[in-house]
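Residues per chain, in single letters:
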Amino acid sequence: MYGNYLDDAAKIVAEKRAENLKFEHARLTADEKDQLLKEYHPDRIASQFVELKIGPNKGQKAPIELAEMLQAKPRLEPEKIDLGKVNYEADVLVIGGGGAGTSAAIMASEAGAKVLLVTKLRVGDANTMMAEGGIQAADKPNDSPAQHYLDAFGGGHFDGKPELVYTLVNKAPSVIKWLNDLGVEFDKEADGTMVTTHGGGTSRKRMHACKDYSGAEIMRTLRDETFNREDRITVVDFTAAIEIIKNDKGEAAGAVLMNIETGEIRIAKAKVVIIATGGAGRMHYQGFPTSNHYGATADGLVLAYRAGAKLLYQDSLQYHPTGAAYPTQILGKLVTEKVRSLGAKLINKDGEVYIHPLETRDVNASGIIREVKNGRGVKNEVQDAVWLDTPMIEMIHGEGTILKSIPAMYNMFIKYGIDIRKEPILVYPTLHYQNGGVEIDKTCHSGVPNLLVAGEASGGVHGTNRLMGNSLLDVVVFGREAGIEAGKMFKNIALTDNAKLSLKHVKDFEKERDAAGIKGDVMSPKLLPRYTHGNPEFAASAKDQFAQDERLVNGSVKA
């Protein structure tokens with residue numbers, strides 16, 4: 001029980017549960033989906049986007065918060081950075097320690113490359129770790145990569161780059177085998193057959209999971225494999241890349257690094273650079289809560305953009321329909337889509353099933369926003385929301401299903417006295433995924449020579465909406481592809497002489513910024529969010545951090 005005013009609201013859901021369980025809401029037509037998205041999806045609110053004034057995507061729109069970062073003042077003054085003092089040398093530099101970064105590092109090392117993996121927190125502090133529902137792959141007799149392609153391409157509003165979607169779905173079965181061979185504990189039947197389920201927008205049961213700890217289990221395995229290769233992979237944690245370094249030919253040749261704790265600057269030189277920095281949820285676009293990890297601040301987009309790489313669908317974000325909306329302590333935390341794939345339905349305050357639970361994420365998110373805006377949401381002190389009727393799961397599949405299949409969900413809510421086996425939970429969209437990012441080709445090349453991008457920092461794989469289970473697939477498929485490609489490339493590339501390392505592109509960017517009349521002291525990449533919650537003491541701390549950033553820019557913190 002909630003033990004407050006919400007108990008009465010939950011009783012309405014309980015009274016209609018048996019009736020709602022039998023009711024199957026019709027799928028929306030294409031026109032109905034388009035209208036719902038047009039009226040209620042956050043990406044369609046024109047006032048929340050601005051036109052970029054500089055850079056490769058000049059003239060295109062981007063979220064206000066992202067545009068500020070893309071056009072912000074760099075964190076360093078190029079003339080104050082000594083590029084002749086190189087601290088690290090590697091064949092391949094991987095920036096980011098999540099699923100894409102570790103997959104890339106593993107495959108590059110497999111090809112004999114000396115790999116340097118730098119991450120601003122720790123290996124595994126990534127959105128990969130927080131993914132819950134599963135990973136898609138068409139590896140059952142009634143399925144095929146072609147069917148997976150149709151689901152993924154259509155689910156992305158036909159905006160995905162065909163060659164990227166093709167690579168995603170055709171590499172999926174072999175990726176599942178690779179992860180299984182590395183030791184990922186996928187859910188299996190007694191005979192060893194992998195258990196697969198539906199997800200929103202899937203026409204076949206192709207979701208492979210590890211209960212609802214899928215991302216954590218995959219990340220655990222990739223992290224361990226990375227550490228097992230210490231002879232070939234050097235990990236430097238709590239260190240962020242703050243600028244890409246080029247050579248005199250305009251090729252990526254390394255990165256300027258900053259120790260997150262001390263502010264010290266280090267120079268890394270490499271033959272190939274892979275950006276795998278993940279998403280942007282901690283930008284809190286339009287004030288939305290987020291399911292993302294603490295470091296998800298769009299750093300890779302900023303680094304690549306300043307280096308001259310073009311972005312694709314930078315104006316497209318995914319708001320996962322079911323973020324926790326109560327209590328405050330877990331606001332925005334992901335309630336995996338697996339809850340709905342097991343049978344829980346979305347219910348408004350009147351106890352009505354108002355939409356099919358397995359519509360695509362953007363459609364279901366828009367549906368929840370519509371219900372709340374039109375007064376059919378459940379009012380509460382944290383975030384007005386709708387119900388997700390979790391007790392339906394055990395009515396369908398039997399007692400014990402929740403603890404067996406989604407234990408993380410049970411544990412997340414029971415800490416606050418909410419037993420999801422007996423009580424419905426409140427949900428509202430949470431900022432979950434960066435659909436757009438750096439434009440890449442099927443082998444992860446950006447428009448900048450020797451600069452590859454993989455995972456959530458890239459754009460084009462999912463079009464303008466992503467299906468459940470294709471993110472974990474994306475990070476492993478394209479992380480591997482980036483590592484394989486880098487493993488081929490480094491053998492034909494010589495390390496750049498120190499004297500030819502350059503930050504000229506940063507100076508050029510600053511000139512372009514000045515010419516466009518862009519003012520302000522905001523710096524990028526953002527690196528970490530700053531939360532004050534209205535607390536003057538926290539606000540003072542944030543101000544101190546800004547002052548430290550200023551000292552860095554002005555050269556007080558030396559390389």
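See the structure printed just above.
The structure reproduced in this document is the subject of the present report. If you're wondering where the values come from, they're calculated on a predicted model, not measured in any experiment.

A look at the overall build of the chain
When helices and strands are tallied, the chain shows 18 helices and 21 strands. Principal axes of the C-alpha set define a box for the chain whose edges measure 75 × 55 × 40 Å. Counting the 559 residues in the chain, one finds 60% classified as buried. Long-range pairs, those at least 24 residues apart, make up 74% of the contacts in the chain between residues at least 6 apart in sequence. Side-chain charges of the chain comprise 69 positive and 74 negative groups, with the mean position of each set lying 2 Å from the other.

Description of the packing of aromatic side chains
Tallied over the full model, the rule gives seven aromatic pairs. Plain terms: the ring middles of Tyr-2 and Trp-387 are 5.9 Å apart, the flat faces sit at 65° to each other, and that makes the pair edge-to-face. Taken together, the residues Tyr-2 in the segment before α1 (6-15) and Trp-387 in strand β16 (residues 386-388) connect sequence positions 385 residues apart. Across the pair, exposure class does not vary: Tyr-2 and Trp-387 are buried alike. Ring geometry for Tyr-149 against Phe-153: centres 5.4 Å apart, planes inclined by 40°, an arrangement best described as tilted. Pair noted here: Tyr-149 and Phe-153 are both in helix α7 (residues 145-155), with a separation of four residues, about one helical turn. The pair Tyr-149 / Phe-153 is uniform in exposure class, with both members buried.

What to know about the environment of Ala-152
Residue position: Ala-152 is located in helix α7. Accessibility expressed as a relative area gives 9% for Ala-152, which makes it buried. Sequence separation between Ala-152 and Asn-465 is 313 residues; the distance between their C-alpha atoms is 8.9 Å. Those residues within four positions of Ala-152 in sequence are excluded, and the remaining contacts are Val-165, Leu-467 and Asn-470.

Observations regarding the sheet that holds strand β13 (residues 311-312)
Ordered in space as β13-β18-β20, the three strands form an open sheet in which the pairing is mixed. Two strands close off the open sheet at either side, each with one partner strand: β13 and β20 (458-459). Relative to strand β18 (residues 437-439), β13 runs antiparallel, the two being bridged by two bridges. Paired with Leu-311 across the bridge in β18 is Val-438. The strands touched by helix α10 (residues 299-307) are β13 and β18; relative to β18, the strand with the most contacts, the crossing angle is about 40°.

A closer look at the sheet that holds strand β8 (residues 207-208)
In space, the three strands of this open sheet follow the order β6-β8-β7, with antiparallel pairing throughout. Only two strands of the sheet have a single neighbouring strand rather than two, namely β6 (135-136) and β7 (196-197).

As for the pairing of strand β10 (residues 239-246)
Burial within β10 is extensive, with eight of its eight residues counted as buried. Here β10 runs beside strand β11 (residues 252-259); their pairing, made up of seven bridges, is antiparallel. Within β11, the residue paired with Thr-239 across the bridge is Asn-259. Count of turn residues in the β10/β11 antiparallel hairpin: five residues, of which Gly-250 carries a positive phi of about 85°.

Concerning the packing of α7 against helix α8 (residues 162-182)
Running from N to C, α7 and α8 point in directions that differ by 135°, and their axes come no closer than 9 Å. On the basis of their axis angle, the class for α7 and α8 is oblique. In this structure, α7 meets α8 at a crossing whose hand is right-handed. Every residue of α8 that contacts α7 at Pro-145, His-148, Tyr-149, Ala-152 and Phe-153 is listed here: Pro-162, Val-165, Tyr-166, Val-169 and Asn-170. Here the residues of the contact of α7 with α8 sort into eight nonpolar, two polar and no charged.

Notes on the pairing of strand β4 (residues 88-95)
When you tally the buried positions in β4, you get six out of eight residues, the bulk of the element. Bridge count for β4 against strand β12 (residues 265-275) is seven bridges, and the pairing is parallel. If you follow Tyr-88 over to β12, its bridge partner there is Ala-268. Here four bridges tie β4 to strand β5 (residues 115-118), and the two strands are oriented parallel to one another. Within the sheet, the bridge partner assigned to Leu-93 lies in β5 and is Leu-116.

Here we look at the environment of Phe-413
With respect to the helices and strands, Phe-413 occurs in helix α15 (residues 407-414). Phe-413 gets classed as buried once you look at its relative accessible area, which sits at 1%. As a C-alpha pair, Phe-413 and Glu-337 span 76 residues in sequence and 16 Å in three-dimensional space. Apart from the residues lying within four places of it in its own chain, the contact partners of Phe-413 are Ala-324, Tyr-326, Ile-330, Val-335, Ile-418, Ile-420 and Ile-425.

Digging into α8
With 21 residues, α8 should cover 30 Å at 1.5 Å per step; its first-to-last C-alpha distance of 30 Å lies within 8% of that length. Here α8 has its buried residues at Leu-164, Val-165, Thr-167, Leu-168, Val-169, Ala-172, Val-175, Ile-176, Trp-178 and Leu-179. Where α8 terminates, the next one or two residues include Gly-183, which has phi positive at roughly 120°.

Brief notes about the environment of Phe-153
Exposure remark for Phe-153: the relative accessible area of 18% places this residue in the buried category. It is 22 Å that separates the C-alpha atoms of Phe-153 and Gly-278, two residues lying 125 residues apart in sequence. Those residues in contact with Phe-153 that sit more than four places away from it in its chain are Phe-158, Asp-159, Gly-160, Pro-162 and Val-165.

Examining the pattern of salt bridges
According to the stated counting rule, one finds 32 salt bridges in the structure shown. Across the pair Asp-508 and Lys-504 runs a salt bridge whose closest N-O atoms are separated by 2.7 Å. Linking Asp-508 with Lys-504, this pair stays in helix α17 (residues 504-515), spanning four residues, or about one helical turn. When its relative accessible area of 52% is taken as the criterion, Lys-504 is described as exposed.

The rules behind the values
- Residues numbered from 1 in each chain as written.
- Predicted model: local features only at pLDDT ≥ 70, side-chain atom pairs only at ≥ 80, totals over all residues.
- Heavy atoms only, no water.
- Helix = DSSP H or I, 4+ residues; strand = E, 2+ residues; numbered from the N terminus.
- Buried < 20%, exposed > 50% of the residue type's maximum accessible area, 1.4 Å probe, protein only.
- Contact = heavy atoms within 4.5 Å.
- Lys, Arg positive; Asp, Glu negative; His and termini not counted.
- Charge placed at Lys NZ, Arg CZ, Asp CG, Glu CD.
- Phe/Tyr/Trp six-rings, centres within 6.5 Å; stacked < 30°, edge-to-face > 60°.
- Pairing = 2+ DSSP bridges.
- Axes fitted to C-alpha atoms, helices over the stretch in contact; angles between N-to-C directions.
- Parallel < 35°, antiparallel > 145°, perpendicular 65-115°, else oblique.
- Left-handed = near helix turned anticlockwise from the far one by under 90°.
- Nonpolar A, V, L, I, M, F, W, Y, C, P; charged D, E, K, R; others polar.
- Expected span 1.5 Å × (residues − 1).
- Salt bridge = Lys/Arg side-chain N within 4 Å of Asp/Glu carboxyl O.

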